[in-house]
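# Observations on chain architecture
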Amino acid sequence: MDGSYSPGRSAQLLAWSTALYLVLPILIILPVSLTDQRFLSLPQESLSLRHFATVLGSPEWLHSIWQSFIIAVASTILSVVVGTLCAIGCWRISSRATELIRALMLLPLIIPSIVYAIGLYRYFGPLDLLDRFLGVVIAHGVTGVPYVVITVSTALAAFDPRLEQAARGMGASLSQTLRWVILPRIAPGIFSGGIFAFIHSWDELVMVLFIASRDVFTLPRRIWDGINENVDPAIAAVAMILILFTLLLLLLDQFMRRRRET
């Protein structure tokens, strides 16, 4: 009947309202990045791309973008290797101890970033990893492992163990079974975990503030310093580039998921 209460429609309205509330601050960045003013504001007379030109023509901004990209790639490789092996090991053993291991692997997501960053600062000092490329890669790689563990564990939950048994029964070694049977089946989960680990490293700021200074100057760190020293509209342009790149990665992940389902 018309005018009757619909729980499904109310839930959908609530979901769209929540999504709009979360996305609206991000959408405002687009017109601000296209402002024709010399300070952070909405466009007054016309849209302008000069702040994007400033970013793409600045050696400092380009160096930070490139450095963030290299760190994100290196830390993603570390996260994927460690997270995948951990998830497969817990899946094969499948005991109460493995459930504890999974819980421990999720600690970097549960513990506040600033607490983890303080611990890294005290731990990396004696190891001479402060303000080092390797130190930032290790920090981002470790905190990216939980994303890979979650997605790979989900993929393994849908894996038919009889395929592994059949491969072993036909004489395949453990490494051959892992390489030819298990990994191809869980590849979409590994890929999704790698994307989220990359995004995490690409956007991470708190740990970099604690364990890096001059030699390692990532893009989020340069944005942070730019906000503190000079509120330049170029910061909005960089933020827009970050958003577009992140959306591109998420769309790629959705494409891979749909391709796997079909």
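## As for the overall build of the protein chain
On a plain count of helices and strands, the protein chain comes out with twelve helices and zero strands. The principal-axis extents of the C-alpha atoms in the protein chain amount to approximately 70 × 70 × 30 Å. Every one of the 262 residues in the protein chain was classed for burial, and the buried ones make up 39%. Here the analysis covers contacts within the protein chain between residues at least 6 apart in sequence; of these, 71% occur between residues at least 24 apart. Just so you have it, the protein chain exposes about 15,900 Å², and 67% of that area is on carbon and sulfur atoms. Taking the 19 positively charged and 17 negatively charged side chains of the protein chain as two groups, their mean positions are separated by 11 Å.

## Section: the nonpolar core
Of all hydrophobic cores here, the largest spans 18 residues; its most connected members are Val-55, Trp-61, Leu-219, Ile-223 and Val-238. Among the secondary structure elements, those contributing two or more residues to this core are α2 (50-56), α3 (59-93), α9 (174-203), α11 (219-229) and α12 (233-261). With seven residues, α12 is the largest single contributor of residues to this core. Trp-61 has contacts with Val-55, Leu-219, Arg-222, Ile-223, Ile-235 and Val-238, leaving out every residue within four places of it along the chain. Val-152, Phe-159, Ala-172 and Ala-197 belong to the second largest nonpolar core, which has 16 residues in total.

## Focus on the environment of Arg-258
Along the chain, Arg-258 falls in helix α12. With a relative accessible area of 61%, Arg-258 lands in the exposed category.

## Some remarks on the pattern of salt bridges
According to the stated counting rule, one finds three salt bridges in the structure shown. We note a salt bridge from Glu-99 to Arg-102, for which the minimum N-O separation is 2.9 Å. Taken together, the residues Glu-99 and Arg-102, both in helix α4 (residues 96-105) and three residues apart, mark about one turn of the helix. For Glu-99, a relative accessible area of 48% translates into the label partly exposed. In this structure, Arg-132 engages Asp-128 in a salt bridge whose closest nitrogen and oxygen atoms are separated by 3.6 Å. Note on Arg-132: relative accessible area 35%, which makes it partly exposed. Note on Asp-128: relative accessible area 49%, which makes it partly exposed.

## Some remarks on the packing of helix α7 (residues 133-157) against α9
Packing of α7 against α9 leaves a shortest axis separation of 8 Å and a crossing angle of 145°. Crossing geometry of α7 relative to α9 is assigned as right-handed. Along its contact with α7, which presents His-140, Thr-143, Gly-144, Tyr-147, Val-148, Thr-151, Val-152, Ala-155 and Leu-156, the element α9 presents Ile-182, Ile-186, Gly-189, Ile-190, Ser-192, Gly-193, Gly-194, Phe-196, Ala-197, His-200 and Ser-201. Considering only residue class, the contact of α7 with α9 consists of ten nonpolar, ten polar and no charged.

## Some thoughts on the environment of Ala-87
The topology assignment puts Ala-87 in helix α3. Distance in space between the C-alpha atoms of Ala-87 and Ala-155 is 9.8 Å, their sequence separation being 68 residues. Leave out the neighbours within four places in its chain, and Ala-87 touches Arg-102, Val-149, Val-152, Ser-153 and Leu-156.

So, how was this worked out
- Sequence order sets the numbering: in each chain, residues are counted from 1 along the sequence as written.
- This being a predicted model, a pLDDT of at least 70 is required before a residue's local features are given, and a value of 80 or more before pairs of side-chain atoms are given or counted; all residues contribute to the totals for chains, interfaces and linings.
- Excluded from the side-chain calculations are hydrogens and water; all other atoms, namely the structure's heavy atoms, are used.
- Helix and strand definitions follow DSSP, with helices as H or I runs of at least four residues and strands as E runs of at least two, each counted in order from the N terminus.
- Exposure classes here rest on a 1.4 Å probe applied to the protein chains alone. A residue is buried below 20% of its type maximum, exposed above 50%, and partly exposed in between.
- Here, residues are in contact when the closest pair of their heavy atoms is within 4.5 Å.
- To measure how exposed things are, a 1.4 Å probe is used in the Shrake-Rupley method; for residues, cover is taken only from the protein chains shown.
- Here the positive residues are Lys and Arg and the negative ones are Asp and Glu; neither His nor the chain ends is included.
- Charge placement uses NZ in Lys and CZ in Arg. For Asp and Glu, CG and CD serve respectively.
- Buried Ala, Val, Leu, Ile, Met, Phe, Trp, Tyr and Cys residues that are joined via side-chain atoms within 4.5 Å together make up what is termed a nonpolar core.
- Throughout this description, the term salt bridge denotes a Lys or Arg side-chain nitrogen within 4 Å of a carboxyl oxygen of Asp or Glu.
- Angular values range over 0 to 180 degrees, each being the angle between N-to-C directions of two axes fitted as lines to C-alpha atoms, with helices fitted over their stretch in contact.
- Note on convention: near helix rotated counterclockwise from far helix by under a right angle means a left-handed crossing. Clockwise means right-handed.
- All amino acids are sorted into three groups, where Ala, Val, Leu, Ile, Met, Phe, Trp, Tyr, Cys and Pro are nonpolar, Asp, Glu, Lys and Arg are charged, and the leftover types, Gly among them, are polar.

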